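# Breakdown of the fold
One-letter residues, chain by chain:
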Amino acid sequence: MTFTPTTYDSYDFANRRHIGPSPAEMEEMLKAVGAPDLDALIAETVPKSIRQAEPLGWAPLTEYGLLQKMEGVAKKNRVMTSLIGQGYYGTVTPPAIQRNILENPAWYTAYTPYQPEIAQGRLEALLNFQTMVSDLTGLPVANASLLDEATAAAEAMAMAQRVSKSKASAFFVDENCHPQTIGVIQTRAEPLGIEVIVGAPETLEAEKVFGAIFQYPGTYGHVRDFTAECEALHAAKAVAVVATDLLALCLLKEPGAMGADIAVGSAQRFGVPMGYGGPHAAFMSSTDKMKRAMPGRIVGVSIDSHGNRAYRLSLQTREQHIRREKATSNVCTAQALLAVMASFYAVFHGPVGLRAISERVHLLAVQLADALKAAGALVEPANFYDTITVEVGVGQQGILAAARHRGINLRKVGRDRVGISLDETSDPGVVAKVLDAFGITEAAPEATQPAVPDALLRESDYLTHPVFHMNRAESEMMRYMRRLSDRDLALDRAMIPLGSCTMKLNAAAEMMPLTWPEFGSLHPFVPLDQAQGYAEMIDDLTAKLCEITGYDAFSMQPNSGAQGEYAGLLTIAAYHRANGDDQRDVCLIPMSAHGTNPASAHMAGMKVVVVNSAPNGDVDLEDFEAKAAEAGDKLAACMITYPSTHGVFEETVKRICDITHEYGGQVYLDGANLNALVGLVKPGEIGSDVSHLNLHKTFAIPHGGGGPGMGPIGVKSHLAPFLPGHPETGGDEGPVSAAPYGSASILLISWAYILMMGGPGLTQATRVAILAANYIAAKLKEGYPILFMGNRGRVAHECIIDTRPFAEVGVTVDDIAKRLMDNGFHAPTMSWPVAGTLMVEPTESETKAEIDRFITAMLSIRDEIRDIEAGEITPEDSPLRHAPHTVEDLVADWDRKYTREQGCFPAGAFRVDKYWPPVGRVDNVFGDRNLICTCPPVESYADAAE
């Protein structure tokens, strides 16, 4: 017998691990769509005129090879004890939270909880987060997180302007705010015409501003009472904002007790690693009267169809893709996963544990300050929490170097001072090393009294809800985390076929390096020679993204897709200003563009002009050209999504770019749908000037239940000088995020994905994503109208199913979405971009078996609609209207017009591994009319159900 070695490559990550369908399954799918092979399908789908000439070239790494490379890169980062402070602190992540939340795909692969019935676990954890923030800040309403402290402060400024009764157009910023916070506020204010006044709190003239923000504790350590400033602002009908620190508030008087209207800050030090800048969950809380002006997401308590307690996102009409340019903000990505971690940190420690940690940090700082003073050092301020500033004169560089020699980073303040911020990881040994760097060898006596006056010590209780007083044995904590995750439907259970959101595989090998201390423990402002591993990663990721997109430069700073849009438009605006074209402020946005675009343009100070769609879903080229001509020398930009949000490769994209350039505008191509382009089309080669890339979509960063995300922007060379700068790294333009590289640690995920896929693997992923979408369209078109298709009857990587005709017999898109839950699926994107439709995106990662299960479920639902059409059952009596079905439905008395089997085990649902939604259909109207956004007393749930 002749021995023939196998050609099967077990280590081919792209085709064996990431891409779901096997070659044999692809053959079957191609037959269904009527294409002889993948090349032919792509030729029919993607216009030849825009196809890139050269393939992506780099070879892939195996998973093992990737982890070896990552280990080598990690060793180039030098992990030291960073006492730099400035909003970032060492923290201890409880191993139970690291293992059961951060490293658990049940938590990190979930989608934003827009479908509340299958997101009750995340929603409860986020409600815990809101309660924690509300209690600690002393303000009754909190949201479910924002991007980072600096952008939360900028959001607070915009919110203050919306609610203030003052006619002033200026905003006051405490000079003791963190420098990056001041920078982001100034960036946000300029296009909105807001004057920013930076000064000492004593110089505040309340009648001249619509609001003010104060840092508490201040960036250099100052702790002071802002009650008088809040009163002065209120007398002038202005709004008081306090940027604060949750750990400090376990010991210090809360902002609400000072009269603050809004509080913002970062929850990073509640167990979330620094990660060279992120991701971390920012927070915002406010008075009750301002709740409807608050940006971001608010989790609320409602009831389900049985009258039982149920959580949901409240006031969802404020979301930017619904209100477009009238949105309160373009904030799309929250930091849900990190907010969940922070909330569990509070549950893990409880109020007594948090108080103990806070007191320990403070008294250790007092011990350090006392020892420095005893040695004759000039230490400021007199009242502080964890941060002190030491005047060292000409010895500044020597002391900083001496500290670094001892493995400690201190903060350089001005030319003659050094800042020191202690944290949860600090201990007497760290204090001894700091003192040694100052030449002090005497042991520091233990401190027993706080360095704040009695009037600034906290008197109110916090975290009184039972969830923060549960038995904190690890067994009970583990079970609580498991119970919540079991209530959710994430990618570890089933396909999430969301159009425009690209819920693809988030491979374990891509995730592993995040929790390595060499990546997780770096402060974002460490000296560059300590972050050489990060520098290598960012440089190589930038080079590969440039090759993928055809752009010449990238900024990694924007830490969400929506923020990337905003940063891209600011870059365009700065370019026009540099050319003396200050009048250019018109932005053309087709109706088929991504939903955040209009809100981003509004934030960038541009006037939105909407361009119509043609009947086939394309941009109406005649209308586009007419509106470009009308704008003339006022045209700043156009924002297009390609392929369009309608799921089509439009043949006219180059002409749209040409028209924009003819009138002096710049083309912003939204990167939301890049998963249909990688390896086939380079945006920078078809006429686009700038794009943001949703790394949490196309490049495999998981959605985390609604964040984290990253939205770096790529630009052509003429725009490169106008990319965002940062106080820590320089640059002529202002920052858009708190850290120079945004949420830098999760860039590792995208880099790992790109390295393991290789150029050919990325291209094949795009091709298979297009195949999967066309397969679904082909299989469903007999039961459902497919709304938009290209000239050759093909869709891109997603397709829109038109469910509007069923409204004639009383079936809504909601009914179909909720019924899919009974089949064990998350619904596709509902009613966007076209009301009453479902947008489906299978991605390249789903196997044919899972796609077929979804198709079976959809066709089964279509049969149930036919029963209604035939008059065999009414919509009110059908399983569609009663969906989703819970275990409570299964065991209760059954008096429905269909069987338990049909209701609870429809076609497509697993039987042994059946997913049971924990609640019935949630009452949205009740939740908005009775807004409860913190953990209510247990008895109030019973009251709500009556």
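Residues numbered from 1 in each chain as written. Predicted model: local features only at pLDDT ≥ 70, side-chain atom pairs only at ≥ 80, totals over all residues. Heavy atoms only, no water.

## Section: the overall build of the protein chain
Each helix and strand in the protein chain was counted, giving 31 helices and 25 strands. Relative to the globule expectation of 30 Å for 946 residues, the C-alpha radius of gyration of the protein chain, 28 Å, shows essentially globular dimensions. For the protein chain, the spread of C-alpha atoms along the principal axes amounts to about 85 × 80 × 65 Å. In the protein chain, the share of contacts with a sequence separation of at least 24, taken over all contacts with a separation of at least 6, comes to 77%. (Helix = DSSP H or I, 4+ residues; strand = E, 2+ residues; numbered from the N terminus. Rg over C-alpha atoms; globule rule 2.2 N^0.38 Å. Contact = heavy atoms within 4.5 Å.)

## Some points on the pattern of salt bridges
According to the stated counting rule, one finds 43 salt bridges in the structure shown. We note a salt bridge from D802 to R804, for which the minimum N-O separation is 2.9 Å. The exposure class of R804 is partly exposed, given its relative accessible area of 40%. With its nearest N and O atoms 2.9 Å apart, the salt bridge here joins R921 to D815. Separated by 106 residues along the polypeptide, R921 in the loop between α29 (900–904) and α30 (924–929) and D815 in helix α25 (residues 813–822) bring together distant segments of the chain. (Salt bridge = Lys/Arg side-chain N within 4 Å of Asp/Glu carboxyl O. Buried < 20%, exposed > 50% of the residue type's maximum accessible area, 1.4 Å probe, protein only.)

## Side note on the environment of G758
Within the element layout of this structure, G758 appears in helix α24 (residues 747–780). Under the relative-accessibility criterion, G758 is labelled buried at 0%. A sequence separation of 697 residues divides G758 from L61, and the C-alpha atoms of the two residues are 7.1 Å apart. Not counting the four nearest positions on each side in its chain, G758 is found in contact with W58, A59 and P60.

## Some thoughts on the sheet that holds strand β14 (residues 411–413)
Pairing is antiparallel in the open sheet, where 4 strands are placed in the order β11-β12-β15-β14. With partners counted over all chains shown, the strands left at the sheet margins are β11 (378–380) and β14, one partner each. Across the sheet, the mean angle separating the axes of adjacent strands is 30 degrees when strand polarity is ignored. Bridge count between β14 and strand β15 (residues 417–421): 3 bridges; the pairing is antiparallel. Bridging across to β15, R411 finds its partner in G419. Docked against the sheet, helix α13 (residues 336–374) engages β11, β12 (387–391) and β15, running at close to 15 degrees with respect to β12. (Pairing = 2+ DSSP bridges. Axes fitted to C-alpha atoms, helices over the stretch in contact; angles between N-to-C directions.)

## With respect to helix α15 (residues 428–437)
The α-helix advances 3.6 residues per turn, and as a result positions three or four apart in sequence lie on the same side. Here α15 has its buried residues at V430, V431, V434, L435 and A437. Buried residues in α15, looked at end-on, bunch into an arc of 155 degrees, giving them a common side. Its side-chain oxygen placed 3.0 Å from the backbone nitrogen of G429, D427 serves as the N-cap of α15. Of the residues flanking the end of α15, it is G439, one or two places downstream, whose phi is positive at about 80 degrees. (Arc of directions from axis to C-beta. Polar contact = N/O pair within 3.5 Å; in protein donor to acceptor, adjacent residues only side chain to side chain.)

## Thoughts on the side chain of H692
Locating H692 in the fold gives a position in strand β21 (residues 690–692). Separated by 2.6 Å, the side chains of H692 and Y668 make a polar contact. When near neighbours in sequence (up to four residues on either side) are disregarded, H692 contacts G561, G564, E565, Y668, L669, D670, G671, G711, P712 and I713.

## Section: the sheet that holds strand β23 (residues 799–802)
Here 3 strands make up an open sheet; going across it, the order is β23-β25-β24 and the pairing antiparallel. In this open sheet, the two strands that pair with only one neighbour each are β23 and β24 (829–830). Here β23 runs beside strand β25 (residues 837–840); their pairing, made up of 4 bridges, is antiparallel. Paired with C799 across the two strands is V840, which belongs to β25.

## A closer look at the nonpolar core
Within soluble globular proteins, side chains that are nonpolar generally end up buried alongside one another. With 238 residues, the main nonpolar core has M132, I213, V264, F270, F344 and F699 as its most contacted residues. If one sorts the elements of this core by residue count, α24 sits on top with 22 residues. Sequence-distant contacts of F270, that is, excluding residues within four places in its chain, are made with T91, M132, L136, L246, L247, M341, A342, Y345, A346 and L354. (Core = buried A, V, L, I, M, F, W, Y, C linked by side-chain atoms within 4.5 Å.)

## Some remarks on the confidence of the model for the protein chain
With 97% of its residues at a pLDDT of 70 or more, the protein chain has an overall mean of 95. Ignoring residues within four places in sequence, the model shows residues 317–321, a span with pLDDT below 50, making 26 contacts including any to other chains. Segment residues 941–946 is flagged for pLDDT under 50; beyond a separation of four residues in sequence, or across chains, it makes 8 contacts in the model. (pLDDT = per-residue confidence, 0-100.)

## Observations concerning the packing of helix α5 (residues 95–102) against helix α16 (residues 474–486)
With their axes 10 Å apart at the nearest point, α5 and α16 run at an angle of 20 degrees to one another. In this view, α5 runs roughly parallel relative to α16, as classed from their interaxial angle. Our pair here, α5 against α16, has a crossing hand that is right-handed. For the pair α5 and α16, contact is made by A96, I97, N100 and I101 and by E474, M478 and M481, respectively. A breakdown of the residues in the contact of α5 with α16 according to their chemical character gives 5 nonpolar, 1 polar and 1 charged. (Parallel < 35°, antiparallel > 145°, perpendicular 65-115°, else oblique. Left-handed = near helix turned anticlockwise from the far one by under 90°. Nonpolar A, V, L, I, M, F, W, Y, C, P; charged D, E, K, R; others polar.)

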